[in-house]
Structure formats: C-alpha cells, structure tokens
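Residue strings, one per chain:
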Amino acid sequence: MGKGWCLFFLFWPVAAVVSCAMAPMVGWSFPYDNAQAASNLGIRIDGLFYLILFVTAVVFVGTQAVLVYALWRGSSNRDERATYTHGNHKLELIWSIIPGVILLFLALYQMNLWADFRIKKYFPEAAVKAPIAEVTARQFEWRFRYPAIGKELQPKPQSDDLYSVNELHVPFGKPVMIQLRSEDVQHSFFLPALRIKQDALPGLQIPVWFEANKEGVYDLVCAELCGWGHYKMKAHVIVESEADYQNYLKNLTQQQFYDGLGKIAANENDSESEATEK
Amino acid sequence: MRFGLSRLSLLLLFPLFSLTGCEQPQVNFVFSEKTNELVPEAAKPVKEALVRQFGNPFELTQFEGLPTDFGDVEGSVKTVQASSGEEKLIRFQVEGLQDAYPKLLGLPLEWTSGKGQGQISRIKEYNYETGTIAVDKTADIDPQPGDTFLVECTRLQFGRDLYNRHCMHCHGMSGEGTGPTSRYLNPPPRDFRQGIYKYTSTKPTAKAQNADLERTVKEGIAGTYMPSFKLLTDDEVSAIVNYVVWLSIRGETEKKIVDELFFDYSKKVVAERTSEDGGESREDVMEELKEYMELDFPDTLEFATSSVAEAWEEANMEDAVVVPETPRVPDTPESRERGRKLYLGDKTKCATCHGPQGRGNGTATQDFWTNPATNEKYPNRGLHDIWGNQLPPRDLHRGIYRGGRRPIDVYRRMYSGIKGTPMPAFGGPLSDEELWDLVNYVMSLPYSSK
C-alpha cells in the first residue's frame, strides 16, 4: 500500500474531527440559540451528550492514529513482515474492562438525570399537581385540552374545558406538565429546543414535564414516523409570561363560549390564534 | 457461491418494487364523470370551454367577473442591464412588484407601454430579492426605463402552489376529492366541485364565506382526517382558500353546463333517441346539438359562470351570516330539559336520526333512502350525503364537533343545517330561544351520565 493511501485514511478522521468541532459555529449542531438548550434539563442532557462525544472522540482519534501509524510503518518498511498471533489475554482484558468501566460510569452518572426526566416521583411537585393541558397527538396534528381557568385538568373532558390545536401556550418561569395521549397510532412529542422527547401511545396517558429557560416560540414536532403526513405534524409551543398565559386562557374561554353576539363579534370568524394576537 | 442470474434479476427488480408505492398524482384538471358520459360531440365543446375559461394547473386562465383574487400586478422598468451580444435574455430591474408572489417564474408578462406594447413575454428568470426579471430577447421587446407591464394571475398561482403542496394529496388536483391518499380516508376528502361546504356561518342556501373556509384550514376538522394548518401564515391560508373557491367555481360551472346538456345528449339518451323506439336519426340529433352549441351554448356558459360567481360573492356579504337575535339562553337544567323535549318532539324529530339518547342510532339509520339526484334507492341502509357517501348521524355523546365547538357553531349547525347532508335547517321552524335550548341540551350530552 502506498503512502497516498495512508494520507487518504488520515484525511477522514481529521475531517471528521474538524467538522465536528466547527459544527456549532456553522449551525450544524443542536438547534436554537447557539446550540444552547432552552430548558435546564436540556442543558444537562446536552452535558451528557458532550461527555459521551468526548469519550468516543478520544477513542476514535486514538484508534485512527494507531491505524494510520500502522499503515505508515507498513508502507515505509517493505522488509518487515507482519506476524500472525492468536489472541493476547492481557490485551483482551484491557479492551473489555476499559469500555466496561466507561459504560458503567455513564450508566451511573446519568441516573439522576434520567430519573428527573422520566420518573414521576422526581418530577417537580408543582408541575405534577396541576398538569396544564392534555396533549392529544393524531394524524397529523396536535390537539390540546386545558382545564377551565382556576380548575384542575381532569382525566375525562369537562364541559368547561378549553381546546386548541397546533398551538400550545405555557407559562414561563415554572415547570409545567402535560398529559400525553395518542388518538390513533404511535406518535412522539418532540420539543427539539428543549430536548424533550416522549412517545405517545394509543390507550396510554403519559405525563411529560418541561421548563423552558427563556420565553419564545418553540417547534413541537412528531418524532415517530406516523404516516404519510408525519412531516406536517408540526405545532408551536409558546412560552410566555404568566400574565400573557392567563390572558390567553381568558381569550380562549371567551372564544369558546362565544354565542355569535357580544364583544368578540368583530373577529369571530378569525382563527383562535388571530383573535389572541396582542 | 456464484451470483446467479435469478438473484441478479431479483436485485434489479428491487428498485421497481420500491417505486410502485410512489405513484404520481394526476397532474391535470379532470372533468366530471357526467361530462365524460356526454356524446363526444357535446363533451368536446364543454371541455374546450372549460379550458378556455379556467386553463390547466400549469397555466391558469383568468377571466373577468369572478369573486376570486387573480392578483394581477403592475410594474415598471427601472433600469435595463446591458447585455452582451450573445446573451439571449434581456435583464431589467423593476419596480412595483414588492407585494407580488415571489415566484413569477414562467408567468406571462404583458407590456402595457413602450415599443413592445401589447406583446407578451414569458418571465425566464425572476429574483425576488433584487427585483430583476429576465425575458427573451426579440426584435420587438426593447424595454426602456419607465415602460410598464402587467403580470396576471399571481395570487392564484400562489394559492395553487400551496394547494398542490398541502391539500392536493387528499383533495386532488382539481378539487375532485380523489387525491392519492383519498382512498384510505373515511370520511373521504371533500369534492369541491359541487361548491358545497358543510361547516359554514352562512344561511341555509348560501355558500361558504371565505372566512369559514379559512377557519376550517386553520383549525382542521376534529374527528376527520382534515388536519389543522395553523402554522401557515394568514396570507398563505387566504391564498389557498382563494384557489379552493376558484376550483369550486370551475367545478360548479362544469356541472351547470353539463346538467343542461345531459338530458338530451348523454351517450345513453342519444342511444335511446336514435333507437327504433326513439325514431330519430343520429344526423338529426347531431344537427340539433350543433344548433344548440352555436346559438345557446355561449349564453349557457355565460349564465353558468356568472350565477356561480354571484352566489360566491353574495356569501361573502355581511348579511349572509347567521347571527342569532337573542344571546345564548343560560345553560341551566331547565333550559336543557326544554331542549331535551324539543329533541325528542315531533317539531324537530332529532331522535329519528340521532337516536333517543343521542347515540347516532335513530330509526332513520335503518331505512333505505332515496338518492335525490337519481331518484333511486341507495343500496345500503342509512343516510347519505350529496357526495354519495354513507353518513351515520353524529353520536352526540362523543364531544367531537366537526364544525367547531363554540355554542355559535352548534347553533349555526341547527339554524342552517349541515349543507350537503340530510341534517335539515331549523332556522325557520324554531325560535332563537328554542334553538339555544337545543344547543344547551346537545352540548351537555357528552358530560351526562346517561
């Protein structure tokens, strides 16, 4: 094998490392605001990701360096022949134990994060007490049911519940919890900016909590191939101040019980989102 | 092991198998079944007239008098870029297209002043950012700063592009409701060509308002496959609705002119007329048809288009909307009880279809109904809509309101009925108070213990 091939095999790991390092600068990294997650939990998940990325990068660069070194030596020394050996007990132990230790470390290290993210016992108490909405995924949209102002969300629909579609408003500055359902097939509730992802399964009601660390409009997409319109299944999660959120609910109440007369008559045919525009 | 011929052929067949799922949708406006049932001598002028009036999906034609927005834009030449001798295009910067649909590419541009006045150039390049247009270089086209031009139909093109992207898959290229996905959907996607939409805010005989259709696009229809398109901008939604209304008008115009011809010149009727019993010769019938086409057809076409256009225009007037005279009667047990009595009573006969308990299983669902269009009995028991689909009456306990869950929406369903379905309009027979009592009763059903 010529030296050209050595350079060829050297080029790819270098290109991989360089593009990886540059990714955040050119916007190829995590979505939103310079790759910074929009929730505190998300930032912790990112930390875990970077840790794993670091470990795998060290292993990758190390093995590639050894590979290139071996190729280079082989190509510059035609006299030395390779020898065949059958196994090396010491080596086997090393490359079993080291990854084992790393994996065990990662498994233990992430347990708290996993518990905070997924186990209801560890959810913020306030969020669990008052789920803000029931989110129903269906082909190909997201439907939301809020309890009436001042009331708690009930598992079954109530006569004064508030409804909206493809636009979930949540208050800022506190953890919120939703009850996730699916009406038809398997969907996945995915807030890329907040690093929240949870499958929605027909017949189950799954609690999901999140807390955005800044106000804004975030994408809610479906992360499970749920049918031909999967890519269209997109909604907005609007994180706003408590006052704005209450205002939104008030507006929604007004619209929902609108009888064709009275105050909101002027824009009665407008969609809900328009009527609540500030 | 050798890689045998059979394995090779299997491998080659693989892409074929994978591609069979990717069927291409219909790319032209389709004509209705009834049009195709006319004798060719009658069908041909109908089809030609439709193409003349409405064009095809790639080249939409505009004609005056429709209530849809074609979006003609006028612009003028700002500067002309000097082009080298071999260049086949003339590029010039324009003014006045700031609000135009960004994709003017391929559209005809008519020169309204200057040397090329009256000439039409096709837009070969268009840069929205810089406002630069390029057209073919010819002897007559010599744009000078200040020359004015007109680009037609940009709004409709915008709507068409969005429609083809978001709606066509179910509703079909010409709004006939048979897009590639339609066969998997129940209820099936709406066929727009009758110009009838179920959920409107308008009076029983009126068409839908643009605002009603915009609301449907934005909110979706709960309980059906029509999803919400809330993330589209208001402008996009209104462009889609503009195009949908245009497709409706096209379909309805076709229906009207074909209905005129059908009783005399369908293949079946002509066969009967020229049979031994009919006693007419084919030449006579064709002569009569030719005469009709020359003398009456232009008027029929004109009348069909203008009456359809007028109906759409009227629907968008303020007084077309159903507005209750009295506000909602308070939702009390007494009001619900009054509503329940009305529901079960002879005055409304709600229970006949929706069932005594509102489960959607009234006695009417067991009858064989007559198709009002053909006067023949449907092959299946139960109610049907005018699109020929079997239509179970709504189970009122499910809490799913396709036409919207606001009290006013339910009120309007009762006042105007549901267009295109057997749900009748109670706006006349029932007073406002009675309608509200019914609304209160019906809206309480999903939460009742019964």
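Residues numbered from 1 in each chain as written. Chains lettered and ligands numbered in written order. Predicted model: local features only at pLDDT ≥ 70, side-chain atom pairs only at ≥ 80, totals over all residues. Heavy atoms only, no water.

Under an unreviewed UniProt entry, chain B has the name C-type cytochrome and belongs to Gimesia benthica.

Going by the annotation in an unreviewed UniProt entry, the name recorded for chain A is Cytochrome c oxidase subunit 2, with Gimesia benthica given as the source organism. Quoted verbatim from the Sequence similarities (unreviewed entry) heading of the UniProt record, the comment on chain A is "Belongs to the cytochrome c oxidase subunit 2 family." (UniProt positions renumbered as here; feature names shortened; annotations may be inferred.)

Peer 1: Go over unusual backbone geometry with me, naming the residues and quoting the values.
Peer 2: Omega for the bond connecting Gln139 of chain A with Phe140 of chain A falls within 30 degrees of zero, at -5 degrees, which places this linkage in the cis form. With respect to the secondary-structure elements, Phe140 of chain A resides in the loop between strand E1 (133-138) and strand E2 (141-146). Omega for the bond connecting Asn186 of chain B with Pro187 of chain B falls within 30 degrees of zero, at 0 degrees, which places this linkage in the cis form. Within the secondary structure layout, Pro187 of chain B lies in the loop between helix H5 (168-171) and helix H6 (210-219). (Helix = DSSP H or I, 4+ residues; strand = E, 2+ residues; numbered from the N terminus.)

Peer 1: An account of the packing of aromatic side chains is requested, with residue identities and associated values reported.
Peer 2: Residue and element names in this part refer to chain A. Scanning the model with the defined rule gives 28 aromatic pairs over all chains in all. Here the basic side chain of Lys3 rests over the ring of Trp72, its NZ or CZ set 5.2 Å away from the ring centre. The residue whose ring lies beneath Arg118 is Phe117, and the NZ or CZ to ring-centre distance is 4.2 Å. (Phe/Tyr/Trp six-rings, centres within 6.5 Å; stacked < 30°, edge-to-face > 60°. Lys NZ or Arg CZ within 6 Å of the ring centre and 35° of its normal.)

Peer 1: So what's going on with the interface of chain B and chain A? Which residues, and what values?
Peer 2: Contact with chain B, which involves 38 residues of that partner, is made by 32 residues of chain A. A per-residue breakdown of the area chain B buries against chain A is headed by Lys230, Leu231 and Tyr447 of chain B, which together make up 22% of the total. Remark: the boundary between chain B and chain A carries zero salt bridges. Contributions of two or more residues to the side of chain B that touches chain A are made by helix H4 (154-166), H5, H6 and helix H13 (407-416) of chain B. Looking at side-chain class alone, the side of chain B that touches chain A contains 17 nonpolar, ten polar and eleven charged residues. (Contact = heavy atoms within 4.5 Å. Buried area = accessible area lost by both parts, 1.4 Å probe. Salt bridge = Lys/Arg side-chain N within 4 Å of Asp/Glu carboxyl O. Nonpolar A, V, L, I, M, F, W, Y, C, P; charged D, E, K, R; others polar.)

Peer 1: Describe the sheet that holds strand E3 (residues 162-165) of chain A, with residues and values.
Peer 2: One key point about sheets: their strands pair by backbone hydrogen bonds, in either a parallel or an antiparallel sense. Residues and elements named next belong to chain A. Ordered by their spatial adjacency, five strands build an open sheet running E3-E2-E1-E5-E8, and the pairing between neighbours is mixed. The open sheet has two edge strands, E3 and strand E8 (206-210), and neither has a second partner. Taking the axes of each pair of neighbouring strands and ignoring which way they run, one obtains an average angle of 25 degrees across the sheet. Strand direction decides the pairing type here: E1 and E2, joined by five bridges, are antiparallel. If you follow Val135 over to E2, its bridge partner there is Phe144. Lying on the sheet, helix H6 (residues 242-256) is in contact with E2 and E3; it crosses E3 at an angle near 100 degrees. (Pairing = 2+ DSSP bridges. Axes fitted to C-alpha atoms, helices over the stretch in contact; angles between N-to-C directions.)

Peer 1: With reference to specific residues and values, describe the UniProt feature "domain: Cytochrome c" (unreviewed entry) in chain B.
Peer 2: Residues and elements named next belong to chain B. As annotated by UniProt and renumbered to match this structure, "domain: Cytochrome c" (unreviewed entry) occupies residues 154-248 and 334-446. With 44% helix and 0% strand, residues 154-248 has end C-alpha atoms that lie 19 Å from one another. End C-alpha atoms of residues 334-446 are separated by 18 Å, and the span's content is 35% helix alongside 0% strand.

Peer 1: Account for the UniProt feature "domain: Cytochrome oxidase subunit II copper A binding" (unreviewed entry) in chain A, naming residues and giving values.
Peer 2: Feature annotation in UniProt places "domain: Cytochrome oxidase subunit II copper A binding" (unreviewed entry) on residues 128-251 of chain A, given in this structure's numbering. Counted over residues 128-251 of chain A, helix gives 10% and strand 46%. Its end C-alpha atoms are 25 Å apart.

Peer 1: Outline the nonpolar core, listing residues and values.
Peer 2: In this structure, Trp246 and Leu261 of chain B are the most contacted members of the largest nonpolar core, which totals 60 residues. Only helix H3 (40-54), H4, H6, helix H7 (234-265), helix H9 (282-295) and helix H10 (297-315) of chain B provide two or more residues apiece to this core. It is H7 of chain B that provides the largest number of residues to this core, a total of 15 residues. Ignoring any residue separated from it by four or fewer positions in sequence, one finds Trp246 of chain B in contact with Phe29, Phe54, Leu60, Thr61, Leu66, Thr68, Phe70 and Leu156 of chain B. Listed in part, the 45 residues of the second largest apolar core include Ala38, Met177, Trp209 and Phe210 of chain A. (Core = buried A, V, L, I, M, F, W, Y, C linked by side-chain atoms within 4.5 Å. Buried < 20%, exposed > 50% of the residue type's maximum accessible area, 1.4 Å probe, protein only.)

Peer 1: Pulling in residues and values, what's your account of the sheet that holds strand E6 (residues 120-127) of chain B?
Peer 2: Pairing within the closed barrel is antiparallel, and its six strands lie in the order E3-E4-E7-E6-E5-E8 (chain B). Taken pair by pair, the neighbouring strands of this sheet meet at an average axis angle of 45 degrees, ignoring direction.

Peer 1: Tell me about the UniProt feature "transmembrane region" (unreviewed entry) in chain A, and name the residues and values.
Peer 2: UniProt tags residues 48-72 and 93-111 of chain A as "transmembrane region" (unreviewed entry). Secondary structure content for residues 93-111 of chain A is 95% helix and 0% strand, and the end C-alpha separation is 27 Å.

Peer 1: Lay out a nonpolar patch on the surface with the relevant residues and their values.
Peer 2: Together, Leu7, Leu10, Val14, Val18, Met22, Met25, Val26, Trp28 and Trp72 of chain A make up a nonpolar patch on the protein surface, roughly 930 Å² of accessible area in all. Tracing the backbone shows Val26 of chain A in helix H1 (residues 3-26). (Patch = residues over 30% accessible without salt bridge, like charges linked within 9 Å, V, L, I, M, F, W, Y side chains within 5 Å. Areas by Shrake-Rupley, 256 points an atom, 1.4 Å probe, with all protein chains shown as cover.)

Peer 1: Kindly report on the domain arrangement of chain B, identifying the contributing residues and their values.
Peer 2: Domain boundaries assigned for chain B yield domain 1 (73-152), domain 2 (158-320) and domain 3 (333-447). Here the C-alpha centroids of domain 1 of chain B and domain 2 of chain B sit 35 Å apart. (Domains from an automatic or database assignment.)

Peer 1: Go over the confidence of the model for chain A, please, and point to the residues and values.
Peer 2: On average, residues of chain A score 88 in pLDDT, and 92% of them reach the 70 mark or higher. Per-residue pLDDT stays below 50 along residues 265-278 of chain A; that stretch engages in 33 contacts with residues further than four places along the chain or on separate chains. (pLDDT = per-residue confidence, 0-100.)

Peer 1: Kindly report on the pattern of salt bridges, identifying the contributing residues and their values.
Peer 2: As a working rule, side chains carrying opposite charge can pair if their charged atoms are close by. Going through the model one piece at a time under the given rule, you end up with 33 salt bridges over all chains. For Arg273 of chain B, the salt bridge identified is with Glu280 of chain B, shortest N-O distance 3.0 Å. The network of salt bridges with common partners includes Glu134, Arg145, Asp161 and Arg181 of chain A.

Peer 1: Now, about H13 of chain B: what can you tell me, with residues and values included?
Peer 2: Among the ten residues in H13 of chain B, nine count as buried, and that is most of the element. For H13 of chain B, every residue scored as buried is listed here: Pro407, Ile408, Asp409, Val410, Tyr411, Arg412, Arg413, Met414 and Ser416 of chain B. Next to the buried residues of H13 of chain B lie H6 of chain A together with H6 and helix H14 (432-444) of chain B. Immediately beyond the C-terminal end of H13 of chain B, within one or two residues, lies Gly417 of chain B, with a positive phi of roughly 70 degrees.

Peer 1: Tell me about the packing of helix H2 (residues 40-76) of chain A against helix H4 (residues 111-118) of chain A, residues and numbers included.
Peer 2: Residue and element names in this part refer to chain A. The N-to-C vectors of H2 and H4 enclose an angle of 145 degrees; their axes lie 11 Å apart at closest approach. Viewed along their axes, H2 and H4 form a crossing whose handedness is left-handed. From H2, Leu41, Arg44, Ile45 and Leu48 reach across to H4, where they touch Asn112, Leu113, Asp116 and Phe117. Tallied by class, the residues present in the contact of H2 with H4 amount to five nonpolar, one polar and two charged. (Left-handed = near helix turned anticlockwise from the far one by under 90°.)

Peer 1: Describe the pairing of strand E6 (residues 187-191) of chain A, and please don't skip the residues or the numbers.
Peer 2: Residue and element names in this part refer to chain A. Taking burial as the measure, the five residues of E6 include four buried ones, the bulk of the element. Of the strand pairs in this sheet, E6 and strand E7 (residues 196-200) are connected by five bridges, and their pairing is antiparallel. Residue pairing in the sheet places Leu191 in a bridge with Ile196 of E7. In this structure, the hairpin formed by E6 and E7 is closed by a connection of four residues, where Arg195 is found at a positive phi of approximately 60 degrees. Sheet topology note: the E6/strand E9 (residues 216-222) ladder contains two bridges and is antiparallel. Residue pairing across strands places Phe190 opposite Val221, the latter belonging to E9.

Peer 1: So what's going on with the domain arrangement of chain A? Residues and values would help.
Peer 2: The figure often quoted for interface size is the accessible area lost as the parts come together. Residues and elements named next belong to chain A. What the domain assignment lists for chain A is domain 1 (3-76 + 91-120) and domain 2 (127-257). Taken together, the 19 residues of domain 1 in the interface contact 17 residues of domain 2. Summed over both partners, the interface of domain 1 with domain 2 comes to about 1,500 Å²; 52% of that surface belongs to carbon and sulfur atoms. Seen at the junction of domain 1 and domain 2, the total is one salt bridge. Put simply, Asp46 and Arg195 hold a salt bridge, and the shortest N to O gap is 2.7 Å. On inspection of domain 1 and its partner domain 2, the count reaches eight residue pairs in polar contact (both at pLDDT 80 or more). (Polar contact = N/O pair within 3.5 Å; in protein donor to acceptor, adjacent residues only side chain to side chain.)

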